[in-house]
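# Structural overview
Chain by chain, the residues:
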Amino acid sequence: MALPKANRLKSRKDFQAVFREGIRRHGAYFTLRALKPSASKKSPLDTAPETTQLTNADPKHLDSTKFGISISTKVSKRAVVRNRIKRQITVALHQLLPKLSPGWRLVVVVKPTAAERECVSQQFLQELEQLLAQAEVLNGHS
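Here is a short report on the structure shown in this document. Counting restarts for each chain, with residues numbered from 1 along the sequence as it is written. Totals for whole chains, interfaces and linings use all residues, but because this is a predicted model, local features are given only for residues with pLDDT of at least 70 and pairs of side-chain atoms are given and counted only at 80 or more. As a convention, hydrogens and water are excluded, and side-chain values are obtained from all of the structure's heavy atoms.

### Re the overall build of the protein
Here is the rule we go by: Numbering of helices and strands runs from the N terminus, with a helix taken as a DSSP run of H or I at least four residues long and a strand as a DSSP run of E at least two residues long. Here's how the labels work: a residue is buried when its accessible area is under 20% of the maximum for its type, exposed when over 50%, partly exposed in between, all with a 1.4 Å probe on protein chains only. Every residue pair with non-hydrogen atoms within 4.5 Å of one another is taken to be in contact. Using the Shrake-Rupley algorithm and a 1.4 Å probe, accessible areas are obtained, with residue cover drawn only from the displayed protein chains.
Helix and strand counts for the protein stand at 5 helices and 4 strands. The order of α-helices and β-strands along the protein, N terminus first, is α-β-β-α-α-β-α-β-α. Within the protein, the fraction of its 142 residues that count as buried is 38%. If you take every contact in the protein between residues at least 6 apart in sequence, the share linking residues at least 24 apart comes to 79%. Summing over all exposed atoms, the protein offers an accessible surface of approximately 8600 Å²; the carbon and sulfur share of this is 51%.

### Some details on the nonpolar core
Which entries qualify depends on this criterion: As used here, the term nonpolar core means buried Ala, Val, Leu, Ile, Met, Phe, Trp, Tyr and Cys residues forming a set that is joined through side-chain atoms within 4.5 Å.
Membership of the largest hydrophobic core comes to 30 residues, with the highest contact counts inside it found for Phe30, Ile85 and Ile89. Breaking this core down by element, the ones donating at least two residues are β2 (30-35), α4 (79-96), β4 (105-110) and α5 (121-134). In terms of nonpolar packing, the next biggest core, distinct from the first, is built from 6 residues, Phe15, Val18, Leu35 and Val107 among them.

### What about the packing of aromatic side chains?
Heads up, the rule is: For Phe, Tyr and Trp, where Trp contributes only its six-membered ring, two rings pair if their centres lie within 6.5 Å, and the inter-plane angle classes them as stacked under 30 degrees, edge-to-face over 60, or tilted in between.
Enumeration according to the criterion identifies 3 aromatic pairs in this entry. Relative to phenylalanine 30, the ring of tyrosine 29 lies with its centre 6.3 Å away and its plane at 65°, an arrangement referred to as edge-to-face. Judged by its relative accessible area of 0%, phenylalanine 30 is buried. Seen from their ring centres, phenylalanine 30 and phenylalanine 124 are 5.0 Å apart, and the 65° between their planes marks the pair as edge-to-face. Placement of the pair is phenylalanine 30 in strand β2 and phenylalanine 124 in helix α5, with a sequence separation of 94 residues. For the pair phenylalanine 30 and phenylalanine 124, one class covers both residues: buried.

These figures capture arrangement, not role.
Here is the structure:
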């Protein structure tokens, strides 16, 4: 079950922007990098009134939340293991998608501890939900 194309980070430029400007939240299995919608649209030449207009914009006009998954060979040398972890994360993100605020750009960085456990998709879901709440990406910030 893949994420919809509208919800995927694709370009290297998008990943670099999230890593450079985004906030970090750490968990046992993942590090979440999150870039707020207002920061993603802002350029250095923006003035204050334009920025306030963007933050007060209707959520329907914001882009959908976009995700990227970064998993290194440090997690596992075997591609089969890395791909299984990515699929489990994708399923967890798909379940959380309706709860998310629009416009965010997020990168989930997988830690090597994720490969040490077998079939922990429920734990992945709980940790992702916790990290998204800490980053205030979830609607209602539960």
